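Breakdown of the fold
Here's the letter readout for the chains.
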Amino acid sequence: MSRDPASSPLPPGSTIGIIGGGQLGRMAALAAARLGYRVHIFTPETDSPAAQVSDAATIARYDDQDAIERFVRSVDVVTFEFENIPAESVRHMAEHVPVRPCWSVLEVAQDRCNEKRFFNSIGIETAPWRAVGSLDELRQAIEEIGRPAVLKTARLGYDGKGQVKIGPDTDPAEAWAALGTGLEEAGLGVLEGFIDFLGEISVIVARGVDGEWAAFDPVWNIHRDHILDTTTVPAPIAPSLIGQAMDIAHRAAEALGVVGLLAVEMFVTPDGLLANEMAPRPHNSGHWTMDACVTDQFEQFIRAVCGLPLGNPERHSDAEMKNLIGADAGQWLDILKDPSARLHLYGKAEARPGRKMGHVNRIRPRSDR
């Protein structure tokens, strides 16, 4: 049987199309260049972090059909660096060029209801939840799940945006109104019950065209103002949970048929792990791998998308990654004076509150864990 050309390794010198112009695209483009690939960015943003280090950029809306046609004619494979893009645009691209991960993976990951249905359908537990499409449905969901709870938009939410806490005295009508435009754009909300969790971990797994897979070590994540603040590895969890976490991420990647990366965030509870969210792309909690692993998450991403053999994800060092949010990036000179620190800045001109400007990895000799 002849081999499908679409599954053949993409040779160096080929062009990778990346939808999205943020820092994840930037770091993926740098990894691609290291392996000899060219990168073409598709983004509506001018002077984006990814375009600054790429060979070409199409500056257009994600639903601009003429721009999509030009873009797909110029690339050999397409991937994406975030989920808030029209799945229909990505589906259209897939008619002309391989898209990895598949556009159908995007449809699941960009919608919290679809995401939770998917986890539950393959036997992965989540917090209790209900899809809510109206104020009456929200009231009913609160009766079923109880308080406290969190109301979120099904789509378009990240870093704490698009969600509101429902406490003992919260008026459901006020909570529903608080999400306003977000619910109108998403068309649906999701109510999640609060979990008595000990902490949050995440696992990033890579899966190749041939089904080969490799996972990075689970990490311990701490958030500040709903934004990831620090990621630490090794995670302070029992060895049994390490295996369980990797199994959850691998099962999800296999069931979705991911070609690329899948990051799965999980709550650590007294009874085990609950899946929270997933992202089919490089992830903020994987930035530590850039300085502490044989193959980092961005090179692994490029390897998978291009049909190459996956690299070794082994951790050779312990690490702590700290995000530089807003004015934190002004500490760059002091960070450079720290012999244990590796600084990564994203090329963003304006340091706004809540904006990820860069990160710093602090590396230590590997422990026995």
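Here the structure is shown first, and the text comes after it.
Notes on the structure follow. Since we're looking at a predicted model, the values are computed, not measured. (Residues numbered from 1 in each chain as written. Predicted model: local features only at pLDDT ≥ 70, side-chain atom pairs only at ≥ 80, totals over all residues. Heavy atoms only, no water.)

A closer look at the overall build of the protein
Note the threshold: What counts as a helix is a DSSP run of H or I of at least four residues, what counts as a strand is a run of E of at least two, and both are numbered from the N terminus. Contact definition: two residues touch when any of their heavy atoms are within 4.5 Å. Here the accessible surface of atoms and residues is derived via Shrake-Rupley with a 1.4 Å probe, and residues count as covered only by protein chains that are part of the display.
Helix and strand counts for the protein come out as eleven helices and 17 strands. Taking the principal axes of its C-alpha atoms as reference, the protein extends roughly 60 × 50 × 50 Å. Counting only contacts in the protein whose residues sit at least 6 apart along the sequence, the fraction spanning at least 24 positions is 63%. Summed over its atoms, the accessible surface of the protein is roughly 15800 Å², and 50% of this surface lies on carbon and sulfur atoms.

Some points on the environment of Met-278
Our working rule: Exposure classes here rest on a 1.4 Å probe applied to the protein chains alone. A residue is buried below 20% of its type maximum, exposed above 50%, and partly exposed in between.
Relative to the elements of secondary structure, Met-278 occurs in strand 14 (residues 272-279). Given a relative accessible area of 5%, Met-278 falls into the buried group. Through-space distance from the C-alpha of Met-278 to that of Ala-304 is 18 Å; in sequence the pair is 26 residues apart. Setting aside its immediate chain neighbours within four residues, Met-278 contacts Val-108, Ala-109, Glu-115, Phe-118, Phe-119, Leu-256, Leu-262, Ala-263 and Val-264.

Describing the pattern of salt bridges
Two side chains carrying opposite charge are able to pair once their charged atoms lie near each other. For the record, the criterion: Counted as salt bridges are all cases of a side-chain nitrogen of Lys or Arg within 4 Å of a carboxyl oxygen of Asp or Glu.
Under the defined criterion, the tally for this structure stands at 24 salt bridges. With a closest N to O distance of 2.8 Å, Asp-217 and Arg-315 form a salt bridge. Of this pair, Asp-217 sits in the loop between strand 10 (213-215) and strand 11 (219-224) while Arg-315 sits in the loop between helix 10 (297-305) and strand 15 (317-325), and the two are 98 residues apart along the sequence. You can call Asp-217 partly exposed: its relative accessible area is 22%. One continuous salt-bridge network, built from bridges that share partners, spans Arg-112, Lys-116, Lys-152, Glu-192 and Glu-277.

So, the nonpolar core
Stated formally: In plain words, nonpolar cores are sets of buried Ala, Val, Leu, Ile, Met, Phe, Trp, Tyr and Cys residues tied together by side-chain atoms within 4.5 Å.
In terms of nonpolar packing, the biggest core is built from 36 residues, with Ile-16, Tyr-37, Val-39, Trp-288 and Ile-302 touching the most fellow members. Every element with two or more residues in this core is listed here: strand 1 (15-19), helix 1 (23-34), strand 2 (38-43), strand 9 (199-207), strand 12 (227-233), strand 13 (260-269), helix 10 and strand 15. Here the element with the most residues in this core is helix 1; it accounts for six residues. Excluding residues within four positions of it along the chain, Ile-302 makes contact with Ile-16, Ala-28, Ala-31, Ala-32, Leu-35 and Tyr-37. Counting 27 residues, the second-largest nonpolar core is a separate cluster that includes Ile-124, Val-203, Val-268 and Leu-273.

Observations regarding the environment of Ile-201
For Ile-201, the location among the structural elements is in strand 9. Each C-alpha atom of the pair Ile-201 and Ser-285 lies 9.0 Å from the other, and the pair is 84 residues apart in sequence. Apart from residues no more than four positions distant in its own chain, Ile-201 is found in contact with Val-219, Trp-220, Asn-221, Ala-235, Ile-237, Ala-245, Val-264, Glu-265, Met-266, Val-268 and Leu-273.

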